[in-house]
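Reading the structure
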Amino acid sequence: MKRVFSGVQPTGNIHIGNYLGALKQFVELQEEMDCVYCIVDLHSITVPQDPKELRKNSLDVAALYLAIGLDAKKSIIFLQSCVPAHAELAWILMCNTYTGELSRMTQFKDKSREKESAPAGLFTYPVLMAADILLYDTDVVPVGNDQKQHLELTRDIAIRINNKYGKTFVVPEYRGMKVGARVMALDDPNAKMSKSAENIHSRISLLDTPEKIKKSIMKSTTDSDGIIGFDIDQKPGVSNLISIYSAFSGSSIKDIENKYVGSGYGTFKNDLVEIINSAIGPIQQRFNDIRHSQELLTILKDGQERAAFRAEVTLSRVKERFGLGL
Ligand code: AQP
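1. Here's the deal with the pattern of salt bridges
A complete count under the given rule lists 17 salt bridges for this structure. A cluster of three or more residues bridged by salt bridges with shared partners is formed by Arg3, Asp34 and Arg310.

2. Examining helix H3 (residues 51–67)
Given a rise of 1.5 Å per residue, 17 residues ought to cover 24 Å, and the 24 Å separating the end C-alpha atoms of H3 matches this to within 8%. For H3, the tally of buried residues reaches 12 of 17 residues, placing the bulk of the element in the interior. Along H3, the residues classified as buried are Leu54, Asn57, Ser58, Leu59, Asp60, Val61, Ala62, Ala63, Leu64, Tyr65, Leu66 and Ala67. Following H3 by one or two positions, glycine 69 has its phi on the positive side, about 125 degrees.

3. Some thoughts on the site of the ligand
As a structural note, the neighbourhood of the ligand is formed by 23 residues, with Lys111, Asp146, Ser194, Lys195 and Ser196 the closest of them. In the model, a nitrogen atom of the ligand is placed 3.0 Å from a nitrogen or oxygen of the methionine 193 main chain. Contact distances for the ligand include 2.6 Å between an oxygen atom and a side-chain N or O atom of serine 194. Here the ligand has 640 Å² of accessible area as a free molecule, and 98% of this is covered by the chains. Elements supplying a minimum of two residues to the shell around the ligand: strand E1 (3–8) and helix H1 (16–29). Take the shell around the ligand: its biggest share by element is four residues, from H1. Class assignment for the residues of the shell around the ligand results in six nonpolar, 12 polar and five charged.

4. Remarks on the pairing of strand E2 (residues 34–39)
Across the six residues that make up E2, a large majority, six, are buried. Residues Asp34, Val36 and Cys38 line one face of E2 and the alternating positions Cys35, Tyr37 and Ile39 line the opposite face, and both faces are buried. As defined by bridge partners, E1 adjoins E2 across six bridges and the pair is classed as parallel. Within E2, the position partnered with phenylalanine 5 by the bridge is valine 36. Chirality of the crossover, the property in question, places the unit of E1, H1 and E2 among those that are right-handed. Two elements, E2 and strand E3 (residues 75–79), share five bridges in a ladder whose sense is parallel. Looking across to E3, one finds that isoleucine 39 is bridged to leucine 79.

5. Some words on the nonpolar core
Counting residues in each nonpolar core, the largest one holds 58 residues, and the members touching the most others are Tyr65, Ile217 and Ile276. The element that contributes the greatest number of residues to this core is helix H12 (residues 265–290), accounting for 10 residues. Among the domains, domain 1 (3–181 + 293–322) and domain 2 (200–287) are the pair contributing at least three residues each to this core. Other than its neighbours up to four places away in sequence, isoleucine 217 contacts Leu186, Ile204, Leu241, Lys269, Leu272, Val273 and Ile276. By size, the runner-up hydrophobic cluster in this structure holds 39 residues, among which are Ala90, Leu102, Met105 and Leu122.

6. Here's the deal with unusual backbone geometry
Phi at glutamate 114 is positive, roughly 65 degrees, even though this residue is not glycine. When you line up the elements, glutamate 114 lands in the loop between helix H6 (106–112) and helix H7 (120–135). The class for glutamate 114 is exposed, based on a relative accessible area of 83%. A positive phi angle, close to 50 degrees, is found at aspartate 137, a residue other than glycine. Along the polypeptide, aspartate 137 turns up in the loop between H7 and strand E4 (140–142). On the basis of relative accessible area, aspartate 137 is assigned to the buried category, the value being 17%.

7. Some remarks on the domain arrangement of the protein
Along its sequence, the protein is organised into domain 1 (3–181 + 293–322) and domain 2 (200–287). Opposite the 13 residues of domain 1 that make contact, domain 2 presents 14 residues. For the pair domain 1 and domain 2, the summed buried area comes to about 1,400 Å², and 77% of that belongs to carbon and sulfur atoms. Sorting the residues of domain 1 by area buried against domain 2 places Ile16, Ala67 and Val179 first, and these three jointly supply 39% of that buried surface.

8. Digging into helix H4 (residues 85–94)
Where H4 is concerned, the buried positions are Ala85, His86, Leu89, Ala90, Ile92 and Leu93. All buried residues of H4 lie within an arc of 165 degrees about the axis, which places them on one face of the element. Of the surrounding elements, those touching the buried residues of H4 are E3, H7, helix H8 (148–165) and helix H13 (294–322).

Rules used in this analysis
Residues numbered from 1 in each chain as written. Predicted model: local features only at pLDDT ≥ 70, side-chain atom pairs only at ≥ 80, totals over all residues. Heavy atoms only, no water. Salt bridge = Lys/Arg side-chain N within 4 Å of Asp/Glu carboxyl O. Helix = DSSP H or I, 4+ residues; strand = E, 2+ residues; numbered from the N terminus. Expected span 1.5 Å × (residues − 1). Buried < 20%, exposed > 50% of the residue type's maximum accessible area, 1.4 Å probe, protein only. Near = heavy atom within 4 Å. Polar contact = N/O pair within 3.5 Å; in protein donor to acceptor, adjacent residues only side chain to side chain. Areas by Shrake-Rupley, 256 points an atom, 1.4 Å probe, with all protein chains shown as cover. Nonpolar A, V, L, I, M, F, W, Y, C, P; charged D, E, K, R; others polar. Pairing = 2+ DSSP bridges. Right-handed = clockwise from strand over helix to strand, strands pointing away. Core = buried A, V, L, I, M, F, W, Y, C linked by side-chain atoms within 4.5 Å. Domains from an automatic or database assignment. Contact = heavy atoms within 4.5 Å. Buried area = accessible area lost by both parts, 1.4 Å probe. Arc of directions from axis to C-beta.

Written out as structure tokens, the structure is:
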């Protein structure tokens with residue numbers, strides 16, 4: 001059975017970009033592969049976090065994992081900081097990664113832009129991500145398109161170490177969605193939808209109320225020609241909305257364009273609001289049922305034990321290859 005690993009940062013409410021780009025795949029894959037899904041809280045502290053808020057967000061993400069349909073009997077679900085092997089392997093990999101490679105990462109460039117100095121962890125973030133993936137002998141990594149560059153680096157590090165020390169790591173493959181791999185911000189279709197963007201109307205979070213969803217979609221950036229047509233270059237805002245519509249409804253882009261010939265943006269946006277609400281409503285209901293339950297903590301503790309066991313096997317192999325330890 002192929003092995004899958006992926007994670008989400010507990011940096012705020014999960015939005016429909018995270019859901020359509022990554023999480024939807026998590027659920028599909030658990031039916032056919034051996035899946036490990038992590039809440040990557042060590043990644044989130046690369047930017048300042050309020051401790052109370054961080055713990056709350058970690059449990060929110062865990063509850064959302066279950067609410068979207070992850071099943072703890074099929075997938076391992078745990079918090080990254082509960083398995084120390086992630087940080088330990090990251091150090092070993094860091095000693096085999098070059099500053100030139102890390103300087104080319106676009107996420108680092110974006111997040112450190114206009115800062116005189118940035119935390120070293122923000123710079124080495126992709127190495128921790130490589131450790132997360134390589135620890136579980138991962139074959140397939142379902143992530144949004146924005147993480148593709150980090151996955152390429154993971155592959156380079158794995159191949160480099162395999163060449164130098166003999167076969168140590170499985171070299172993982174990227175898996176992306178056809179529609180939804182990169183959901184753009186509702187207020188700026190040139191930027192990706194993000195949890196940490198200042199404007200709350202730039203995104204739809206999975207825990208947003210129907211009123212907030214309506215407001216954000218109605219305010220979303222379109223253009224002045226009034227045609228519901230897909231053209232990323234000329235009509236990026238409308239194209240983004242059509243992609244979201246397509247990903248939630250399962251309708252093809254062509255069918256959506258045909259359905260709205262002669263309709264205005266108002267009608268299209270109202271329908272989109274309904275489609276999003278009917279997909280998100282049941283997720284919110286399950287989230288509310290599980291979020292404050294003992295079951296959630298039991299699942300995370302069990303996931304931690306199972307993940308730690310697997311991680312230790314890989315870490316021992318790596319240490320042996322590198323001549324570390326007794
Ligand atoms: N806009 C997006 N479209 C499609 N996929 C996306 N992902 C993120 N944004 C989009 C995918 O969601 C998964 C979890 O992302 P993450 O929380 O680990 O970090 P991120 O990519 O940095 O996401 P955000 O929302 O932009 O968070 P902040 O603002 O905290 O940095 C990943 O698979 C990612 O590709």
